[in-house]
Amino acid sequence: MDHIGVVGLSYRHASVEDVARFAIPRADIEARLPELRVALQGAEVVFLATCNRVEVIFATGDASVAGDLRGAVFRALRGRDPELGEAAEALRAWTGEAAVEHVFLLACGLNSAQAGEHEITAQLRSAWDMARAAEVCGPTLNRLMNEALSMASRVHRLSAASRPPSLADLAVERVLAFCGQRRDPVALVGVSPMTRRCAQFLRAAGMPLLIVNRSAEVAAEWAQSLGARCMPLHEFRASPPDVAAIVVAAGGPGAILDEAALRALEKAAASSPLIIDFGLPPNVEPAAAQAAGVTRIGMNELIEATREQRLTQLLRLAPVRAAIDERLARLRSELATRAIGRKLADLRDSFEGIAAAQMDKLLARFATTLARRLAHLPLAGIRAAAEHASADTVDAFFRAARLQRAPHSHDADNGKAEP
């Protein structure tokens, strides 16, 4: 686990505006992921951006211990060097087991503003898919993401009987309270987990829906599944219909609905519509909404509304926290065993090499001693007989003993005898 790290910021210590400064527009993420990987010295990378958080999950490329990379992440996401202490103040960092735990808590919704919400799981899976498509995610993060999402799936089953509300649920409550008995359409701008969740509950409440998206094909497909109308974004901005409320959660570098579009909406509506803005950065600038006379509820307001409920939700989700701790302990053991497995094999090979070398030395020494002992008596006898025998006799002895040349030994193996 030591080579895994996370750098990020969220609603827990930063404003929505601060989070937006570090966000990469969704359309640009895949193209910028290789740059982020280079900035992190070749690490595996997953980049997650939601309406209230930005997280850079990484694993070092050489399996070295993960360090505090807040400076590198700040530089990569903000496009400039941080001032002294600026990166440490703006960003949070986790390494090793703390980073793995953070990802598990994130996937299971325990780090969400609305504790236990499920939308974050789909958002994390989408971030993982994008990292794999950009080829910046390797075996370590693939394993981590798979474990985290598997844990989330298990947790969702544990809490299926009492699914906690999400920020989308809070948004729907605001819309229904604002509309009252009015049954003009609610426009859902952008196709995202948040707008999809809102659509389910608004449809169940009997509210007519209007699907708005940049891609008309995507809008039409989703609208058909809901039995709703659809409209391309450019047309909605230029000539909006009468809508009671707008829920907007669309990616993009700037405002989706500017002041001119908001004034057109205000003019077309029987009464001023309510806007719920999940955008990061904001899809509707607060100043533009105020200038157009439109009520806007942004992420800051929605997050503030969850704070009173958060402690209650966390207490209710205590079994989920216990399940995460159990899985974390198992993963720690598995990864530790895997990490030392290669080292154990190398150590065993080293011992076997030492043993083989020592055995070779022992066998060589034993063979030399045995040969000397076997040769002692015949050599002593030959020395004594050499004084009385002729040179021909001695040569005949060695030929018979086949000790003079190696080829004689080969002939003996073939069954041949010396003449």
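Shown above is the structure to which this text applies.
Residues numbered from 1 in each chain as written. Predicted model: local features only at pLDDT ≥ 70, side-chain atom pairs only at ≥ 80, totals over all residues. Heavy atoms only, no water.

### Observations concerning the packing of helix 2 (residues 26-39) against helix 3 (residues 70-78)
In a packed pair of helices, the relevant descriptors are the angle between the two axes and the axis-to-axis distance. Heads up, the condition is: The axes used here are C-alpha line fits, helices contributing only the stretch in contact, and every angle between their N-to-C directions lies in the interval 0 to 180 degrees. Only DSSP runs of H or I with at least four residues qualify as helices, and only runs of E with at least two residues qualify as strands; both kinds are numbered from the N terminus onward. Oblique is the label for every angle not falling under 35 degrees (roughly parallel), over 145 degrees (roughly antiparallel), or within 65 to 115 degrees (roughly perpendicular). With the far helix as reference, a near helix turned anticlockwise by less than a right angle produces a left-handed crossing, and one turned clockwise produces a right-handed crossing. Only heavy atoms matter for contacts: two residues are in contact if any of them lie within 4.5 Å across the pair. Side-chain classes are defined by residue name, with Ala, Val, Leu, Ile, Met, Phe, Trp, Tyr, Cys and Pro counting as nonpolar, Asp, Glu, Lys and Arg as charged, and the others, Gly among them, as polar.
It is at 9 Å that the axes of helix 2 and helix 3 come closest, and there the two elements cross at 150°. Here helix 3 runs roughly antiparallel to helix 2, going by the angle between their axes. When the axes of helix 2 and helix 3 are compared, the crossing they make is right-handed. Contacts from Arg 32, Leu 36 and Ala 39 in helix 2 reach Ala 72, Ala 76 and Leu 77 in helix 3. Residue classes in the contact of helix 2 with helix 3 are distributed as 5 nonpolar, no polar and 1 charged.

### With respect to the pairing of strand 9 (residues 274-277)
To keep things clear, this is the line we draw: Each residue is placed in one exposure class: buried if its accessible area under a 1.4 Å probe, protein chains only, is under 20% of its type's maximum, exposed if it is over 50%, and partly exposed if it falls in between. A pair of strands is considered paired only if DSSP assigns at least 2 bridges between the two. Here the term right-handed applies to a crossover when the path leading from its first strand over the helix to its second strand runs clockwise, the strands being oriented away from the viewer.
Both faces of strand 9 are covered, namely the face carrying Leu 274 and Ile 276 and the face carrying Ile 275 and Asp 277. Looking at chain direction, strand 9 and strand 10 (residues 295-297) are connected through 3 bridges and run parallel. Counted as the bridge partner of Leu 274 is Thr 295 from strand 10. Between the parallel elements strand 9 and strand 10, the chain passes through helix 13 (residues 286-292) in a crossover that is right-handed.

### So, the sheet that holds strand 1 (residues 4-10)
If you walk across this open sheet you meet the 4 strands as 2-3-1-4, and the pairing is antiparallel. What marks the edges here is a single partner per strand, and that holds for strand 2 (44-49) and strand 4 (92-95). The average undirected angle you get between the axes of adjacent strands in this sheet is 15°. In terms of strand pairing, strand 2 meets strand 3 (residues 53-59) through 6 bridges, oriented antiparallel. Pairing of Ala 49 across the sheet is with Val 54, part of strand 3. The strands that helix 2 touches are strand 2 and strand 3; relative to strand 2, the one it contacts most, it runs at about 135°.

### As for the packing of helix 9 (residues 193-204) against helix 10 (residues 216-226)
The interhelical angle for the contact between helix 9 and helix 10, taken along N-to-C directions, is 30°, at an axis separation of 11 Å. With respect to helix 10, the axis of helix 9 lies roughly parallel. As for how helix 9 packs across helix 10, the hand of that crossing is right-handed. From helix 9, Thr 195, Arg 196, Ala 199 and Arg 203 reach across to helix 10, where they touch Trp 222, Ser 225 and Leu 226.

### So, helix 10
This is how it is decided: Here the arc refers to the directions that run from the helix axis out to each C-beta atom.
The set of residues buried in helix 10 consists of Ala 219, Trp 222, Ala 223 and Leu 226. Relative to the axis of helix 10, the buried residues are bounded by an arc of 105° and lie together on one face. Of the exposed residues in helix 10, the ones pointing more than 90 degrees away from its buried face are Glu 217, Glu 221 and Gln 224. Check the buried side of helix 10 and you find it contacts strand 5 (186-189), helix 9, strand 6 (209-213) and strand 7 (229-232). One or two positions beyond helix 10, positive phi appears at Gly 227, with a value near 70°.

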